[in-house]
Amino acid sequence: MRPDARTGWALGDRATILGTRDGGSTWLHQPSPYTDCALWAVDFADDRTGWAVGTGGTVFATRDGGVTGETQDSGGTDDLIDIHAVDPATAWAVGHRGTVAHTRDGGRTWERRESPTRQNFTAVHFTPDGRTGRVVGRSDTVMTSLDGGTTWQVGTTGTGMSLWNVRTFSERESWIVGDEGTVLSTSDGGATWDQHFYSPEKDAIPVR
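Overview of the structure. Quantities reported herein were computed from a predicted structural model and do not represent experimental measurements.

1. Focus: the sheet that holds strand S17 (residues 174-178)
With antiparallel pairing, 4 strands are arranged side by side in an open sheet as S16-S17-S18-S19. Sheet topology places strand S16 (163-168) and strand S19 (194-195) at the edges, where each strand pairs with a single neighbour.

Next up, the structure:
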């Protein structure tokens, strides 16, 4: 969802794209340049410029708020699971087998970054200035960059859990969620991670 809480997009199998302009009251199919892939993530830098990623290295972009889309070459065929749009020119995508790709020219070219791990990545997020970024993935994998993605250091949270999403607010502050209700935060740049225990009652039967 965009900050206006009315504009949003949802993705899925067979390159499905749905959009809403009224806070979810109605959803309309959006045009897609693909037909035979699953789409896993979408992110917008502003109300007009956004990217979506999916299986087989799929990347496509829109520059008119989702009215039309253009295919882009991600430089590989590994599945891309998440994308973060830093600004209308800059975006980062991550995926299977340690894939990290980025663009600094609106997607005209995508560059693959050398990754120190082959773990499957599930999420990426950068600070608004684009300097500090974190990537999380399977088997308690965390990667951090403090120089705009030029170099990356791999680490763990110490939980042993697969990690599914991350938000990076500053060089020192990030939050991560993962398997089995894992909720983690750091205030020292990832040197230590605090656990915020959350135990959802899976498949609970309501008592009447």
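2. Side note on the packing of aromatic side chains
What characterises a pair of aromatic rings is the spacing of the ring centres plus the angle enclosed by the ring planes. Counted by the stated rule, this structure contains 4 aromatic pairs. On the basis of an interplanar angle of 10 degrees and a centroid distance of 3.8 Å, the ring pair of tryptophan 9 and phenylalanine 44 is categorised as stacked. Here tryptophan 9 is found in strand S1 (residues 8-11), whereas its partner phenylalanine 44 is found in strand S4 (residues 39-44), with 35 residues between them in sequence. Comparing tryptophan 9 with phenylalanine 44, the two get one shared label, buried. Arranged with centres 5.0 Å apart and planes meeting at 20 degrees, the rings of tryptophan 92 and phenylalanine 126 form a pair that is stacked. Residue tryptophan 92 is found in strand S9 (residues 90-95), and its partner phenylalanine 126 is found in strand S12 (residues 121-126); the two are separated by 34 residues along the sequence. Accessibility assignment for this pair places tryptophan 92 and phenylalanine 126 in one class, buried.

3. Quick word on the sheet that holds strand S7 (residues 70-73)
Reading across the sheet, the 4 strands line up as S4-S5-S6-S7 and stay open at both edges, with antiparallel pairing between neighbours. Every other strand in the sheet has two partners, leaving S4 and S7 as the edge strands with one partner each. Geometrically, the sheet is characterised by an average inter-axis angle of 25 degrees between neighbouring strands, direction not taken into account. Pairing analysis gives 5 bridges linking S4 to strand S5 (residues 50-54), with the strands arranged antiparallel. Note on S5: the bridge partner recorded for aspartate 43 is tryptophan 51.

What counts as what
- Residues numbered from 1 in each chain as written.
- Predicted model: local features only at pLDDT ≥ 70, side-chain atom pairs only at ≥ 80, totals over all residues.
- Heavy atoms only, no water.
- Pairing = 2+ DSSP bridges.
- Helix = DSSP H or I, 4+ residues; strand = E, 2+ residues; numbered from the N terminus.
- Phe/Tyr/Trp six-rings, centres within 6.5 Å; stacked < 30°, edge-to-face > 60°.
- Buried < 20%, exposed > 50% of the residue type's maximum accessible area, 1.4 Å probe, protein only.
- Axes fitted to C-alpha atoms, helices over the stretch in contact; angles between N-to-C directions.

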